[in-house]
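Structural features, examined
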Amino acid sequence: DKKIIRQAQLGKISTQSISFLNSQVLGAVVRNTPTTVRKATGYYTINEFTEPNWTVELYINNVLVDFTKADASGMYLFKVPIVYGYTTLKLKFYGPLGEERTDERTINVPYSVMPAGEFEYGLTAAVVQDSTHSQFGRGEFNYGVTRKLTVGGGMEYLSSIPNAPFIPYATATLQPFSKMTINAEYAYGVRTRGLMNYYITRDILFVLDYTKYVEGQLATRFNALEERKAKLSVPFRLKKIIGTVKLDYTQLMYKEFSYNYANVMLSTYYKQFSANTSAQLNWVDRLTPYILADLALSYRTRNGITLRPSAQFNVNAGTFVNYKAEIEKRIAKGYISVSYERNVAYNDNYINVCLKYDLPFARTSISASQSKGLITTSETAQGSLAFGGDNNFTHVSINPSTSKGGILLYPFLDLNRNGIFDSNERMVKLTSVRVFGGRPIYNDKDSIIRIPDLNAFTTYTLGFSDYNLENIAWQFTKKSYQVLIDPNQFKRVDIPVVAAGEANGMAYLDLN
């Protein structure tokens, strides 16, 4: 809650950088950015791929803001709200049966937006865990000139850049209106960049991205002199059919030639059916493009069977590159899947059989695959233990508990009404607590209520009702609480309950 430093991070950190960092960064960061999500105006989109039909969660500054489902090819798309201040985006991935990917992806946002008159800074000192243990440092600031204009700048240092380890830079972000965001960046000796996000309608997004690099710079490991990008995303709904059309074009300008890449994609949903088809075109200068076409389908039946056929076709040669078929059957607490893939280019057949099953304390799987006469087997188990629940209580979960937090509720009978759990006061047993986003655990051995697996730096609201108390004369002194979750620990909250009575009758005044 301090104004000068509101965030401090030590260890493996994620940081935005101009220079290319090819390994994990180990160091420290301090900022005066609040951990709360302060929504500004405008949106932009991110589009990536994961496993087919997986659920993807979007976190902004460690706060869950949205989730979506990947289509038959694994493609997912988020409409991300622009927020004030430094922003880190994290994506978490969940399978159809609750599988959780622990490898979170951090996405750097290319611009910062600040309220008018507000100043924000960040300082980073770290070591890159590469072969030379490069030293990395970054100092940055952003200032809201007006509600629509934010300026920023700073200095970046990377010791492994031989000719110019220091990179001073300046940025400016302009929002002429809520549907358009324009960002400009100048990094001395490295690049000049301009980016525009414009929502033509409420959902149709048009993006222009242009970067010009300084010839001979070694900060980004980028050989092209210019990079030009244009993107168009058009969501649509036709009665019960929901879909998205995406057009992407990238051109890399070199001294002697230009390289071009284009992608056209259509993704649709209809009830239990989803489809994704796309075409990728690559060409140099005015030569004939090399074209690949993909088609992926997914259909889920009512009895828990999912079918996923897919194929890739070489348009130039008129032949298939590969094709694949997968069938998946859900069972209680798990599923069985069988897949067959034929790689025409390498004349190879790949067969895989997999069984996944969730035990009360761990998520397990066993699989066997065959390719070119070689059989490979693998076994996995995943789970977590969260200690610190008092009275030797350990929370067991099939999902990772690292960076999560929890709450310990101690309802007690406050005899002297001082709001403190004194040694001579006893606990009160509760059977119901209202909490949005958490699952209370009631233990028969004690009266402690434990709420585990909560997101850190998030405020949860707890609600209590007098009707849930075992004595009609007892009442909660407060009916609701807001608790901010700390990572990797249970936070204790004492809940005082007082005894209150009511007298009914008549009073007579005798004047004699």
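Everything quoted here is computed from the prediction, not taken from an experiment. (Residues numbered from 1 in each chain as written. Predicted model: local features only at pLDDT ≥ 70, side-chain atom pairs only at ≥ 80, totals over all residues. Heavy atoms only, no water.)

Some details on the sheet that holds strand E33 (residues 459–463)
Strand pairs in the sheet, formed through backbone hydrogen bonds, run parallel or antiparallel to each other. Pairing in this open sheet of three strands is antiparallel, and the strands run E30-E33-E35 from one edge to the other. Because the sheet does not close on itself, it has two edges, and the strands there are strand E30 (434–435) and strand E35 (480–484). With two bridges joining them, E30 and E33 adopt antiparallel strand pairing. Its bridge partner lying in E33, Val435 is registered against Leu462. (Pairing = 2+ DSSP bridges. Helix = DSSP H or I, 4+ residues; strand = E, 2+ residues; numbered from the N terminus.)

Looking at the pattern of salt bridges
According to the stated counting rule, one finds 18 salt bridges in the structure shown. Note that Arg228 is salt-bridged to Glu226, the shortest N-O span being 3.0 Å. Look at Arg228 and you get partly exposed, because its relative accessible area is 33%. Taken together, the salt bridges that share partners define one network made up of Arg31, Arg138, Glu140 and Glu156. (Salt bridge = Lys/Arg side-chain N within 4 Å of Asp/Glu carboxyl O. Buried < 20%, exposed > 50% of the residue type's maximum accessible area, 1.4 Å probe, protein only.)

Considerations on the sheet that holds strand E31 (residues 441–442)
Across the sheet, which stays open at both edges, the five strands sit in the order E31-E32-E29-E36-E34 with mixed pairing between neighbours. The open sheet is flanked by E31 and strand E34 (474–476), the only strands paired with a single partner. Where E31 and strand E32 (residues 449–455) come together, two bridges link them in antiparallel fashion. Residue pairing for E32: Ile441 is matched across the bridge by Arg450.

Structural notes on the nonpolar core
Core analysis: the biggest nonpolar cluster contains 23 residues, and Tyr44, Phe78, Val80 and Leu91 have the highest contact counts within it. Looking at this core, the elements that each hand over two or more residues are strand E3 (39–49), strand E4 (55–60), strand E6 (75–83), strand E7 (88–94), strand E14 (191–199) and strand E15 (205–213). Tallying contributions element by element places E6 first for this core, with five residues. Core analysis: the next-biggest nonpolar cluster, separate from the first, contains 22 residues, Ile407, Leu413, Trp474 and Phe476 among them. (Core = buried A, V, L, I, M, F, W, Y, C linked by side-chain atoms within 4.5 Å.)

Let's talk about the pairing of E33
Where a strand is regular, its side chains alternate between the two sheet faces. Bridge count for E33 against E35 is five bridges, and the pairing is antiparallel. Across the sheet, the residue bridging to Thr461 is Gln482, located in E35.

Section: the environment of Val83
As for its position among the elements, Val83 is in strand E6. Assessed through its relative accessible area of 4%, Val83 is described here as buried. Expressed as a C-alpha distance, the spacing of Val83 and Asp248, which sit 165 residues apart in the sequence, is 26 Å. For Val83, the contacting residues outside a window of four places in its chain are Val37, Arg38, Lys39, Ala40, Ile60 and Val113. (Contact = heavy atoms within 4.5 Å.)

A word on the side chain of Asn142
Residue placement: Asn142 occurs in strand E10 (residues 135–144). Classification of Asn142 by relative accessible area gives buried; the value is 8%. Each residue touching Asn142, except ones within four places of it in the same chain, is listed here: Ser112, Met114, Glu118, Phe119, Glu120, Thr150, Val151, Gly152 and Thr171.

Brief notes about the packing of aromatic side chains
The final tally for this structure, using the stated rule, is 13 aromatic pairs. For the pair Phe412 and Phe421, a centre-to-centre distance of 4.7 Å together with 10° between the ring planes defines the contact as stacked. The partly exposed category is assigned to Phe421, whose relative accessible area is 22%. Geometrically, the ring pair formed by Phe464 and Phe476 is tilted, given 5.1 Å between the ring centres and 35° between the ring planes. With Phe464 in the loop between E33 and E34 and Phe476 in strand E34, this pair connects stretches of sequence that are 12 residues apart. In this pair, the class of Phe464 matches that of Phe476, namely buried. The structure contains a cluster of three or more aromatic residues connected by ring pairs, namely Tyr76, Phe78 and Phe93. One Lys or Arg, Lys79, reaches over the ring of Tyr199 and ends 5.1 Å from the middle of that ring. Just above the ring of Tyr410 sits the side chain of Arg492; from NZ or CZ to the centre is 3.8 Å. (Phe/Tyr/Trp six-rings, centres within 6.5 Å; stacked < 30°, edge-to-face > 60°. Lys NZ or Arg CZ within 6 Å of the ring centre and 35° of its normal.)

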